[in-house]
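Residue-level structural notes
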Amino acid sequence: KSRVHTRLVEHIPRSANIRFHDLYERYPDFDIDVAYEQRLLLQYDMVIFQHPFYWYSSPAIIKQWMDLVLEHGWAYGTEGRALAGKKMMNAISTGGSKNSYTSTGRNKFSVSDFLLPFQQTANLCGIEYLPAFVIHGTHRLSETDMDLHALQYEQMLLALVQDRISKPEIESCVYMNDLVP
């Protein structure tokens, strides 16, 4: 229902290598089909959790999905290497300004600090965690601003699919937004 995320979804490129998968649409009762989700994960090289930043984290269904789908023995553990070598990141929107997510800002921590559980989950599963794509100040964005962010998101997705962003570039950025015009 987020106006920002609605715009981002509209700009997801049509490609055989990109699939938008709406967990709330598929699982309105949170009854997640683990086997289906695991098969789906095996088909793609990257997972992007696209969501509003709810209380410094993700909506509940993403946590539920992670708890169920990333099983010991499949995604992690001695025998669990099914996702090793894949990539993961978050694409989030937040009402707070970029300055509010600093050690001296209102939230006292960076967005990256709040996303550390996602990063550690990726590490545990042998997945490379990329910096987030972040849209700040969503309550103050004009329609034009939202369009610009959506176009930037589209360009980032295309660059990732086409492998046009190098590892050193990724390692040097704070947000993935920094790497696309």
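Residues numbered from 1 in each chain as written. Predicted model: local features only at pLDDT ≥ 70, side-chain atom pairs only at ≥ 80, totals over all residues. Heavy atoms only, no water.

1. Details of the packing of helix 3 (residues 34–43) against helix 4 (residues 60–69)
In a packed pair of helices, the relevant descriptors are the angle between the two axes and the axis-to-axis distance. Taken N-terminus to C-terminus, the directions of helix 3 and helix 4 make an angle of 90 degrees; their axes are 10 Å apart at the nearest point. Considered as vectors, helix 3 and helix 4 are oriented roughly perpendicular to each other. Seen from helix 3, the contacting residues are Val 34, Glu 37, Gln 38 and Leu 41; seen from helix 4, they are Trp 65, Leu 68 and Val 69. A class-by-class count of the residues in the contact of helix 3 with helix 4 yields 5 nonpolar, 1 polar and 1 charged. (Axes fitted to C-alpha atoms, helices over the stretch in contact; angles between N-to-C directions. Helix = DSSP H or I, 4+ residues; strand = E, 2+ residues; numbered from the N terminus. Parallel < 35°, antiparallel > 145°, perpendicular 65-115°, else oblique. Contact = heavy atoms within 4.5 Å. Nonpolar A, V, L, I, M, F, W, Y, C, P; charged D, E, K, R; others polar.)

2. What to know about the pattern of salt bridges
Evaluated as defined, the whole model comprises 7 salt bridges. In this structure, the salt-bridge partner of Glu 143 is Arg 3, at a minimum N-O distance of 3.9 Å. Remark: Arg 3 occurs in helix 1 (residues 3–10) and Glu 143 occurs in helix 7 (residues 143–161); sequence separation between them is 140 residues. Relative accessible area serves as the criterion here: at 45%, Glu 143 is assigned to the partly exposed category. Of the charged contacts, one joins Arg 7 and Asp 147 as a salt bridge, the two residues approaching to 2.7 Å between their closest N and O atoms. One end of the pair, Arg 7, is in helix 1; the other, Asp 147, is in helix 7, with 140 residues separating them in the sequence. Residue Arg 7 is classed as buried on the basis of its relative accessible area of 14%. (Salt bridge = Lys/Arg side-chain N within 4 Å of Asp/Glu carboxyl O. Buried < 20%, exposed > 50% of the residue type's maximum accessible area, 1.4 Å probe, protein only.)

3. Some thoughts on a nonpolar patch on the surface
Residues Tyr 54, Trp 55 and Tyr 56 make up a contiguous nonpolar surface patch of about 430 Å² in total accessible area. Judged by its relative accessible area of 44%, Tyr 54 falls in the partly exposed class. (Patch = residues over 30% accessible without salt bridge, like charges linked within 9 Å, V, L, I, M, F, W, Y side chains within 5 Å. Areas by Shrake-Rupley, 256 points an atom, 1.4 Å probe, with all protein chains shown as cover.)

By themselves, these figures tell us nothing about what the structure is for.
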